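Survey of secondary and tertiary structure
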Amino acid sequence: MKRSGPLYTLLGGLLLALFMLSLNATTGTGNSSYGGDSPGGAPPAPSASKSTNDTPSPTPTKSPSKSPSKKPAGKSEYAGRTADDAAAVSISIRDDKAIAYYCNGRDAESWLKGNVEDDGSMRLTGKHGAKLDGTLAGNAVTGKVEVGKQPRDFTAARAKKPSGLYRATTEVRGAKIDGGWIVLPDGRQVGIVKRDDKPRKAPRLDPETGAVTVDGARITARPVVP
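Residues numbered from 1 in each chain as written. Predicted model: local features only at pLDDT ≥ 70, side-chain atom pairs only at ≥ 80, totals over all residues. Heavy atoms only, no water.

Some words on the confidence of the model for the chain
Per-residue confidence for the chain gives a mean pLDDT of 82, with 68% of residues at or over 70. Confidence drops under pLDDT 50 across residues 25-52; counting only partners more than four residues distant or on other chains, this segment forms four contacts. (pLDDT = per-residue confidence, 0-100. Contact = heavy atoms within 4.5 Å.)

What follows is the structure in structure tokens.
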């Protein structure tokens, strides 16, 4: 009977251990595999806030393009006649500058000058109220020229060398010589030479060299450049 005491003690301890294991299994103190979905789990991570830069940036407005200039680059020549065929008109243009010559080949002439605008329009002026209003479009200048209070319409077509405008200013035997020549595209020439301001029909010049004989003296007429 004395030997049964330790056995009872051992059995009692084993029963106590089994009871404790059974108690732990029923209380569920272990971690759940569903994380935050279980009571007491960590709260879900907050979603990223929506960017406040979702508003599309305004489309840049395009500035209106500038109309291309109608002025020819460099130097260009135009020559023609008035609508009534009473006189010839020649215009020399370089960039935005222009010089024109009106001549009837006998006793009336005028040199005019001024600017050429980007749209091809020009308003040239000369002595004694002479004026020329023209427009450059394509390969011609059209407009109106007024010399001696007589307005005339004209058309001057694009001219190629040797056509164009020539001038000579010099002295011959003590007299002042001032001559102007228009060489038309068909080869005809219209010009006036003034000797001490007295006009007369100009002698024919050689357009290839500009050589011309005035009062027995050989002089040189040169292309007019604005």
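Considering the sheet that holds strand β8 (residues 150-159)
Read around the closed barrel, the eight strands follow the order β1-β2-β3-β4-β5-β6-β7-β8; overall the barrel is antiparallel. If you compare each strand with its neighbour and ignore which way they point, the axes differ by 25° on average. Summarising the sheet, strand β1 (residues 75-82) and β8 pair through six bridges and their orientation is antiparallel. Following the sheet pairing, Glu 77 is matched in β8 by Ala 159. (Pairing = 2+ DSSP bridges. Helix = DSSP H or I, 4+ residues; strand = E, 2+ residues; numbered from the N terminus. Axes fitted to C-alpha atoms, helices over the stretch in contact; angles between N-to-C directions.)

Points about the environment of Phe 154
By secondary structure assignment, the location of Phe 154 is in strand β8. The sequence separation of Phe 154 and Ala 87 amounts to 67 residues, and the corresponding C-alpha distance is 9.1 Å. Residue contacts for Phe 154: discarding those within four places in its chain leaves Arg 81, Thr 82, Ala 83, Val 89, Ile 91, Leu 132, Asp 133, Val 141, Thr 142, Gly 143, Lys 144 and Val 145.

A look at the layout of surface pockets
Left-over empty space is what a probe sized like a water molecule reveals as it rolls over the atoms. For the largest pocket, the calculated volume is near 570 Å³. Around the largest pocket sit 24 residues that line it, and Glu 109, Ser 110, Trp 111, His 128 and Lys 194 are the ones nearest its centre. For the lining of the largest pocket, the secondary structure elements donating two or more residues are β4 (109-115), β8, β10 (175-183) and β11 (189-195). If one sorts the elements of the lining of the largest pocket by residue count, β4 sits on top with three residues. (1 Å grid on protein atoms, 1.4 Å probe; cavity = no way out; pocket = protein on both sides within 12 Å on 5 of 7 lines; lining within 4 Å. Points joined across faces, edges and corners; volume = space filled by probe spheres on them.)

Describing the sheet that holds β10
Reading across the sheet, the five strands line up as β12-β11-β10-β9-β15 and stay open at both edges, with antiparallel pairing between neighbours. Among the strands making up the open sheet, the edge pair consists of β12 (198-201) and β15 (222-223). Where β10 meets β11, seven bridges bridge the pair, whose relative direction is antiparallel. Across the sheet, Gly 179 pairs through a bridge with Val 193, a residue of β11.

Structural notes on the packing of aromatic side chains
Within this structure, the stated rule accounts for one aromatic pair. An angle of 25° between the planes, with centres 4.1 Å apart, marks the rings of Tyr 101 and Trp 111 as stacked. Here Tyr 101 is found in strand β3 (residues 97-103), whereas its partner Trp 111 is found in strand β4, with 10 residues between them in sequence. Take Tyr 101: its relative accessible area is 0%, and that puts it in the buried class. Over the ring of Trp 111 we find Arg 167; its NZ or CZ atom is 4.2 Å from the centre of that ring. (Phe/Tyr/Trp six-rings, centres within 6.5 Å; stacked < 30°, edge-to-face > 60°. Buried < 20%, exposed > 50% of the residue type's maximum accessible area, 1.4 Å probe, protein only. Lys NZ or Arg CZ within 6 Å of the ring centre and 35° of its normal.)

A short note on a negative patch on the surface
Residues Asp 95, Asp 96, Glu 117 and Asp 119 make up a contiguous surface patch of negative charge. Residue classification places Asp 95 among the partly exposed residues on the basis of a relative accessible area of 44%. (Patch = residues over 30% accessible without salt bridge, like charges linked within 9 Å, V, L, I, M, F, W, Y side chains within 5 Å. Areas by Shrake-Rupley, 256 points an atom, 1.4 Å probe, with all protein chains shown as cover. Salt bridge = Lys/Arg side-chain N within 4 Å of Asp/Glu carboxyl O. Lys, Arg positive; Asp, Glu negative; His and termini not counted. Charge placed at Lys NZ, Arg CZ, Asp CG, Glu CD.)

Observations regarding the pattern of salt bridges
With the rule as written, the count across this model stands at 10 salt bridges. With a shortest N-O distance of 2.7 Å, Lys 144 and Asp 153 are connected by a salt bridge. For Lys 144, a relative accessible area of 40% corresponds to the partly exposed category. Asp 153 sits in the partly exposed class, given a relative accessible area of 41%. Linking Arg 200 and Asp 215 is a salt bridge whose minimum nitrogen-to-oxygen distance equals 2.5 Å. A residue pair is termed long-range when its members are at least 10 positions apart, and Arg 200 in strand β12 and Asp 215 in the loop between β13 (211-214) and β14 (217-220) qualify at 15 residues.

Focus: the pairing of strand β7 (residues 140-147)
Walk down a regular strand and you will see the side chains alternate between the two sheet faces. Here strand β6 (residues 131-137) pairs with β7 via seven bridges, running antiparallel. Paired with Leu 136 across the bridge in β7 is Val 141. From the end of β6 to the start of β7, which pair antiparallel, there are two residues, and Gly 138 there has a positive phi angle of about 70°. With eight bridges joining them, β7 and β8 adopt antiparallel strand pairing. By the bridge assignment, Ala 140 is partnered in β8 with Ala 157. Counting the residues that bridge the hairpin from β7 to β8 gives two residues, and of these Gly 148 lies at a positive phi of roughly 65°.

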